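Coordinates in review
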Amino acid sequence: MAKLLSCVLGPRLYKIYRERDSERAPASVPETPTAVTAPHSSSWASVFWSISYYSSPFAFFYLYRKGYLSLSKVVPFSHYAGTLLLLLAGVACLRGIGRWTNPQYRQFITILEATHRNQSSENKRQLANYNFDFRSWPVDFHWEEPSSRKESRGGPSRRGVALLRPEPLHRGTADTLLNRVKKLPCQITSYLVAHTLGRRMLYPGSVYLLQKALMPVLLQGQARLVEECNGRRAKLLACDGNEIDTMFVDRRGTAEPQGQKLEMKLGHRKPFLDLTVICCEGNAGFYEVGCVSTPLEAGYSVLGWNHPGFAGSTGVPFPQNEANAMDVVVQFAIHRLGFQPQDIIIYAWSIGGFTATWAAMSYPDVSAMILDASFDDLVPLALKVMPDSWRGLVTRTVRQHLNLNNAEQLCRYQGPVLLIRRTKDEIITTTVPEDIMSNRGNDLLLKLLQHRYPRVMAEEGLRVVRQWLEASSQLEEASIYSRWEVEEDWCLSVLRSYQAEHGPDFPWSVGEDMSADGRRQLALFLARKHLHNFEATHCTPLPAQNFQMPWHL
């Protein structure tokens with residue numbers, strides 16, 4: 001009876017993976033038809049509940065207008081609800097019986113229970129052969145696990161890691177009780193907008209119905225990572241209590257052709273596969289089908305993770321939760337997977353630039369950062385899709401609750417950076433995709449260069465870089481580059497001389513006593529080293545040959 005109860009209450013089993021070490025192992029075997037039918041019924045019940053949840057305000061308003069909320073009308077509805085609950089309980093019992101008669105599910109539930117009691121390496125190895133509801137997966141890594149965090153107070157608290165706070169919208173205004181009362185209605189409105197419509201518009205991947213529609217694709221992507229790439233799934237517990245779903249593909253020690261390459265890394269020759277790439281997905285991206293495929297094809301070890309509220313990760317993807325999740329992912333890479341910060345490359349696509357720049361700011365020793373189709377600040381993009389009359393509300397809501405300040409965080413990082421700009425990007429342009437100067441990746445580059453090289457990016461340098469950014473083809477870029485007769489050897493010698501004399505820390509005052517022509521050359525040289533163009537739309541996968549290490553002096 002105990003085993004039957006475990007089968008009734010146990011998680012849904014999606015797939016049994018092939019044995020990783022056996023070429024003749026059978027393909028993944030689903031549950032028996034009896035065991036599959038009942039879970040599908042409960043899945044449809046969860047979909048119905050999700051639709052009812054989102055439509056409940058309209059339903060209550062309709063019922064109130066029709067007079068159905070009186071006691072005489074509510075009692076019959078309660079009878080219908082009770083009948084429905086009994087039917088769902090019957091479905092759950094049928095599901096449990098079907099699982100109990102399935103030897104594969106009984107074996108799975110036995111391994112799962114044993115792993116919860118004792119998380120030995122053998123139990124975890126056996127459990128990794130199953131793909132099941134991630135809520136029942138045991139926690140593999142805890143945010144407080146690193147001994148350095150237990151001994152010091154510098155780590156995150158249970159409230160979360162540190163974020164850069166936005167400046168007040170109205171400077172110089174006395175923060176009196178009267179002013180607070182005046183601001184209260186606006187603050188309440190901003191909170192409601194951010195926690196209802198705003199968050200779901202910004203992170204559509206967190207919407208349950210979308211995840212349900214993508215479930216077959218996500219399961220197929222997980223199977224490919226586990227069976228073909230020997231990926232290892234893990235659950236990480238962040239400081240806010242959210243559980244983060246991760247997948248690690250380890251290429252260390254493999255004999256693949258890519259692994260024999262040597263990359264120039266921070267002035268040292270380092271084995272290619274000693275590096276790992278932490279991937280930060282977009283607002284509707286999942287590691288199962290997201291940007292992890294690019295560094296995988298390039299031959300790197302890869303650590304992918306899902307945003308809070310995406311697939312197996314719990315929580316909601318607000319900036320604080322995002323940063324908390326990224327923090328525990330980096331800690332997992334360092335303290336459990338054994339990578340040094342200098343061996344970590346952070347690669348982000350689109351909105352993933354927020355967590356990537358936060359990690360680079362908070363872990364300044366990471367090797368490099370690659371930002372693909374990312375932006376400098378969320379406010380201009382939010383204003384683009386909302387009515388102009390909502391400008392004040394949108395700005396206030398973003399700054400207070402959804403402040404993705406990528407450029408501000410990026411400027412706190414001292415390491416190598418590569419920006420990839422999509423020349424046909426339809427998402428992060430503020431006008432039309434053909435207007436390449438409205439691409440917010442331009443603003444990200446300009447803010448980075450102006451912070452690092454303020455003397456070079458004075459009037460002449462800024463003007464010529466803008467001209468270069470306006471080029472819509474490689475031919476136009478080359479034409480502008482040759483028009484100003486950029487001497488790369490001279491630029492390198494100037495930068496190296498300055499670095500040798502003043503050190504590597506930014507900002508640099510190089511260009512202070514330089515001619516206008518020299519500043520133009522340096523500005524174009526630096527812009528070309530920090531930004532590469534990719535002729536594609538926003539969601540086109542980046543080819544492996546375009547995944548290059550950032551330039552480093």
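Higher on the page you've got the structure.
Given the structure is predicted, the values throughout are model-derived calculations rather than measurements.

Pairing within the open sheet is mixed, and its 9 strands lie in the order 3-4-5-9-8-10-11-12-13. One side of each edge strand has no neighbouring strand; the edge strands of this open sheet are strand 3 (141–142) and strand 13 (531–534). Pairing geometry for strand 5 (residues 243–249) and strand 9 (residues 301–305), over 4 bridges, is antiparallel. When the sheet's bridge partners are listed, Met247 is paired in strand 9 with Gly304. Against the sheet, helix 15 (residues 440–452) touches strand 11 (368–372), strand 12 (417–422) and strand 13, its axis set at about 155 degrees to strand 12.

Before going further, it helps to examine the packing of aromatic side chains. Under the criterion given, the structure shown has 17 aromatic pairs. Judged by centre distance (5.7 Å) and plane angle (90 degrees), the rings of Tyr453 and Trp508 are edge-to-face. Placement of the pair is Tyr453 in the loop between helix 15 and helix 16 (459–470) and Trp508 in the loop between helix 18 (488–502) and helix 19 (516–530), with a sequence separation of 55 residues. Of the two residues examined, Tyr453 and Trp508, each falls in the buried class. Here the aromatic cluster, defined as three or more aromatic residues joined through ring pairs, consists of Tyr105, Phe108, Tyr130, Phe132, Phe134 and Trp137.

Right, let's talk about a nonpolar patch on the surface for a bit. Taken together, Leu84, Leu85, Leu87 and Leu88 make up a surface patch of nonpolar side chains, about 390 Å² in accessible area. Mapped onto the fold, Leu88 is located in helix 3 (residues 71–100).

Here the focus is the pairing of strand 9. The buried count for strand 9 comes to 5 of 5 residues, which makes it a mostly enclosed element. Along strand 9, one buried face is formed by Ser301, Leu303 and Trp305 and the opposite face, lined by Val302 and Gly304, is buried too. As paired strands, strand 8 (residues 276–280) and strand 9 are joined by 4 bridges and run parallel to one another. Bridge pairing in strand 9 links Ile278 to Leu303. In the classification by handedness, the crossover that spans strand 8, the intervening helix 9 (residues 293–298) and the parallel strand 9 is right-handed.

Looking now at the pattern of salt bridges. Following the criterion strictly, the structure yields 17 salt bridges and no others. Residue Asp376 is joined to Arg440 by a salt bridge in which the shortest nitrogen-to-oxygen separation is 2.8 Å. Taken together, the residues Asp376 in the loop between strand 11 and helix 12 (378–385) and Arg440 in helix 15 connect sequence positions 64 residues apart. The class for Asp376 is buried, based on a relative accessible area of 1%. Between Asp376 and Lys447 there is a salt bridge; the shortest N-O distance is 2.7 Å. On the criterion of sequence distance, the pair formed by Asp376 in the loop between strand 11 and helix 12 and Lys447 in helix 15 is long-range, its members being 71 residues apart. Taken together, the salt bridges that share partners define one network made up of Asp376, Arg440, Asp443 and Lys447.

The rules behind the values
- Residues numbered from 1 in each chain as written.
- Predicted model: local features only at pLDDT ≥ 70, side-chain atom pairs only at ≥ 80, totals over all residues.
- Heavy atoms only, no water.
- Pairing = 2+ DSSP bridges.
- Helix = DSSP H or I, 4+ residues; strand = E, 2+ residues; numbered from the N terminus.
- Contact = heavy atoms within 4.5 Å.
- Axes fitted to C-alpha atoms, helices over the stretch in contact; angles between N-to-C directions.
- Phe/Tyr/Trp six-rings, centres within 6.5 Å; stacked < 30°, edge-to-face > 60°.
- Buried < 20%, exposed > 50% of the residue type's maximum accessible area, 1.4 Å probe, protein only.
- Patch = residues over 30% accessible without salt bridge, like charges linked within 9 Å, V, L, I, M, F, W, Y side chains within 5 Å.
- Areas by Shrake-Rupley, 256 points an atom, 1.4 Å probe, with all protein chains shown as cover.
- Salt bridge = Lys/Arg side-chain N within 4 Å of Asp/Glu carboxyl O.
- Right-handed = clockwise from strand over helix to strand, strands pointing away.

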